[in-house]
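Overview (structure and organization)
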Amino acid sequence: LATTFTGDTGGYDFPLVSVGSYLVRASDLSGNIGETSISVTATGEDRTANVVYLGRGQVIVTVRDGSGGAVANALLTFNVSTVLGWAVPIEVVAGPEGTFTFENVPVGSFSVTGRDPVTNRAGSANGQITQHDQVVAVTVYLKSASDFAGMNEAYSGFWTKDPPTRTTVVADAV
């Protein structure tokens, strides 16, 4: 395990590396991340391992109550999973129109949970950023948070890989 920094041209060196297989992960101060793997097969061998950062997109979240009205100041928890693993959850407050835009979301799956701080009703939505500069809009409809466990379990059984974007609407609340 070693850490190094790139030079002005983006190049980097790990001198005196033993024969073996390696995973090279890179990140920058802007939050870009990427990784690649490489094998060194002989002592003294020079190898090149180019790291390409994951693309980034934007997720626009709208939170609505059961009648379709905007939920001002909804509490949002945003989770992202990339090929590199889970990112740290982000917690924010939606604006007066019940919206918030998450910028620079890395390519991967995301989930967002919204909760009305007044009624404590909650809901969730899921989706994916699949390419660089993609914009995804999701709507979170609020209901009692306890109503979603069974629905989420059923959903995960149908889509085990690359699930589509999902918006949840509870019929008796609309």
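Notes on the structure in this doc start here. Fair warning: this is a prediction, and the values are worked out from it, not measured in the lab. (Residues numbered from 1 in each chain as written. Predicted model: local features only at pLDDT ≥ 70, side-chain atom pairs only at ≥ 80, totals over all residues. Heavy atoms only, no water.)

1. Some words on the overall build of the chain
Secondary structure summary: the chain contains 1 helix and 11 strands in total. In sequence order, the secondary structure elements of the chain are arranged as β-β-β-β-β-β-β-β-β-β-α-β. Within the chain, buried positions represent 32% of all 174 residues. Across the chain, every contact between residues at least 6 apart in sequence was considered, and the portion connecting residues at least 24 apart equals 53%. Entry remark: accessible area of the chain is about 10900 Å², with carbon and sulfur atoms responsible for 53%. (Helix = DSSP H or I, 4+ residues; strand = E, 2+ residues; numbered from the N terminus. Buried < 20%, exposed > 50% of the residue type's maximum accessible area, 1.4 Å probe, protein only. Contact = heavy atoms within 4.5 Å. Areas by Shrake-Rupley, 256 points an atom, 1.4 Å probe, with all protein chains shown as cover.)

2. Some words on unusual backbone geometry
For leucine 16, which is not a glycine, the phi torsion comes out positive at approximately 55°. Turning to its location among the elements, leucine 16 is positioned in the segment before β1 (20-27). Residue leucine 16 is classed as exposed on the basis of its relative accessible area of 89%. Even without a glycine there, the phi angle at asparagine 120 is positive, about 65°.

3. A word on the pattern of salt bridges
Following the criterion strictly, the structure yields 2 salt bridges and no others. Here arginine 25 makes a salt bridge to glutamate 35, at a shortest N to O gap of 2.6 Å. In this pair, arginine 25 sits in strand β1 while glutamate 35 sits in strand β2 (residues 33-40), placing the two residues 10 residues apart along the sequence. The exposure class assigned to arginine 25 is exposed, which follows from its relative accessible area of 53%. Residue class for glutamate 35 comes out partly exposed when judged on its relative accessible area of 29%. With its nearest N and O atoms 3.9 Å apart, the salt bridge here joins arginine 47 to glutamate 45. Taking the relative accessible area as the measure of exposure, arginine 47 reaches 43% and is therefore partly exposed. (Salt bridge = Lys/Arg side-chain N within 4 Å of Asp/Glu carboxyl O.)

4. Notes on the pairing of strand β8 (residues 108-115)
Inspection of the sheet shows strand β4 (residues 75-82) paired to β8 by 7 bridges, in the antiparallel sense. Following the sheet pairing, leucine 76 is matched in β8 by glycine 114. Two successive antiparallel strands, β8 and strand β9 (residues 122-129), enclose a turn made up of 6 residues, where asparagine 120 displays a positive phi of approximately 65°. (Pairing = 2+ DSSP bridges.)

5. Comments concerning the pairing of β1
Each regular strand shows side chains that alternate between the opposite faces of the sheet. Where β1 lies against β2, 8 bridges are found, and the strand directions are antiparallel. Directly across from valine 24, in β2, lies its bridge partner threonine 36. In textbook terms, the turn of a hairpin is the stretch between consecutive antiparallel strands, and for β1 and β2 this stretch comprises 5 residues, one of which, glycine 31, has a positive phi near 95°.

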